[in-house]
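Observations on the three-dimensional arrangement
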Amino acid sequence: NTVYLGPVFESTAHGYDTADYFHVDRRLGDNQTLKEMVQILHENNIRVVLDGVFNHVGRDFFAFKDLQEKGRNSPYLDWFHGIDFNRQGPCGDAFSYEGWNNNYDLVKLNLQNNAVSDHLFKAVDLWMAEFAIDGLRIDAADCIDMTFLQQLSQHCKAQNPDFWIMGDIIHGDYAKWVNAGALDSVTNYECYK
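Cut-offs and rules
- Along each chain, the written sequence defines residue order, and numbers are assigned to residues from 1.
- For this predicted model, a pLDDT threshold of at least 70 governs which residues receive local features, and a threshold of 80 or more governs which side-chain atom pairs are given and counted, while totals over whole chains, interfaces and linings are taken from all residues.
- Computation of side-chain values covers all heavy atoms of the structure but excludes hydrogens and water.
- Between any two strands, at least two bridges found by DSSP are needed for them to pair.
- Every helix listed is a DSSP run of H or I at least four residues long, and every strand listed is a run of E at least two residues long, numbered separately from the N terminus.
- Axis definition: a line fitted to C-alpha atoms, over the contacting stretch in the case of helices. Angles run 0 to 180 degrees between N-to-C directions.
- Every angle not falling under 35 degrees, over 145, or within 65 to 115 is termed oblique; those three ranges are roughly parallel, roughly antiparallel and roughly perpendicular.
- By convention the crossing between two helices is left-handed if the near helix lies anticlockwise of the far one by an angle smaller than a right angle, and right-handed if it lies clockwise.
- Contacts between residues were defined by any pair of non-hydrogen atoms, one from each residue, lying within 4.5 Å.
- Side-chain classes are defined by residue name, with Ala, Val, Leu, Ile, Met, Phe, Trp, Tyr, Cys and Pro counting as nonpolar, Asp, Glu, Lys and Arg as charged, and the others, Gly among them, as polar.
- The rule is simple: put a 1 Å grid over the protein atoms alone, call a set of points where a 1.4 Å probe fits but cannot get out a cavity, call an open set with protein on both sides within 12 Å along at least five of seven lines a pocket, and count a residue as lining if it has an atom within 4 Å of a point.
- Grid points are joined across faces, edges and corners, and a volume is the space filled by probe spheres set on the points.

Reading across from one edge, β5-β7-β6 is the order of the three strands in this open sheet, with antiparallel pairing throughout. Only two strands of the sheet have a single neighbouring strand rather than two, namely β5 (56–58) and β6 (99–100). For β6 and strand β7 (residues 103–108), the ladder comprises two bridges, and the chain directions are antiparallel. Across the sheet, residue G99 finds its bridge partner in β7, namely V107.

Take a look at the structure:
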């Protein structure tokens, strides 16, 4: 009774390298396409969960492009982890930065920056209002600051108490993430053991 869609928003390559959280990837359609699809699924009592890729963005994300162009003068300097102008980046940038699992096409966001979390929450608000989604699967949740996950949960459940949030967790203490103040569920990849 639920459809989970992998990343559907504008990206450069595979969806996990988000370029724009507010527009459906042109390779998949547009915002109206997603809105109509969710409406049809809801008419058939099927809920919709979208992939929330909040740990990192792609190199084509507007704030990273601004940082590449303006360097230390970019207002988005603090939007990313590990910015270091003393070293050249692995992709030829004038600075180095932290990538997800050393994948430098996936630039790690600084989720402790209020402007970053506000940007992401505005995107989620759009997804909930325009597309009427029923939940989120949080990519790389085990890499995300717990405070952000708690704030995200509170933010979403204030709008819809039945909103479901699942975290993508590789290993660890699952109860740390699954509790009344954070996530409703997590993946259990270690179950194969």
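Text resumes after the structure shown.
What follows concerns the pairing of β7. With three bridges joining them, β5 and β7 adopt antiparallel strand pairing. Bridge assignment links V57 to a residue of β7, and that residue is V107. Two successive antiparallel strands, β6 and β7, enclose a turn made up of two residues, where N101 displays a positive phi of approximately 50°.

Quick look at the packing of helix α3 (residues 114–130) against helix α4 (residues 146–159) now. Across the interface, α3 lies against α4 with an axial gap of 11 Å and an inter-helix angle of 30°. Judged on the interaxial angle alone, α4 and α3 are roughly parallel. α4 is crossed by α3, and the crossing has right-handed handedness. Contact with α3, carried on its side by S117, L120, F121, V124, D125 and M128, involves F148, Q151, L152, H155, C156 and Q159 of α4 and no other residues of that element. Of the residues belonging to the contact of α3 with α4, the class tally is seven nonpolar, four polar and one charged.

Glancing now at empty space enclosed by the protein. This structure, assessed with the given rule, holds one cavity of 30 Å³ or more. Roughly 50 Å³ of volume is contained in the largest cavity. Forming the walls of the largest cavity are P7, V8, F9, G15, T18, Y21, D51, G52, V53 and W127. Per-class residue counts for the lining of the largest cavity are six nonpolar, three polar and one charged.

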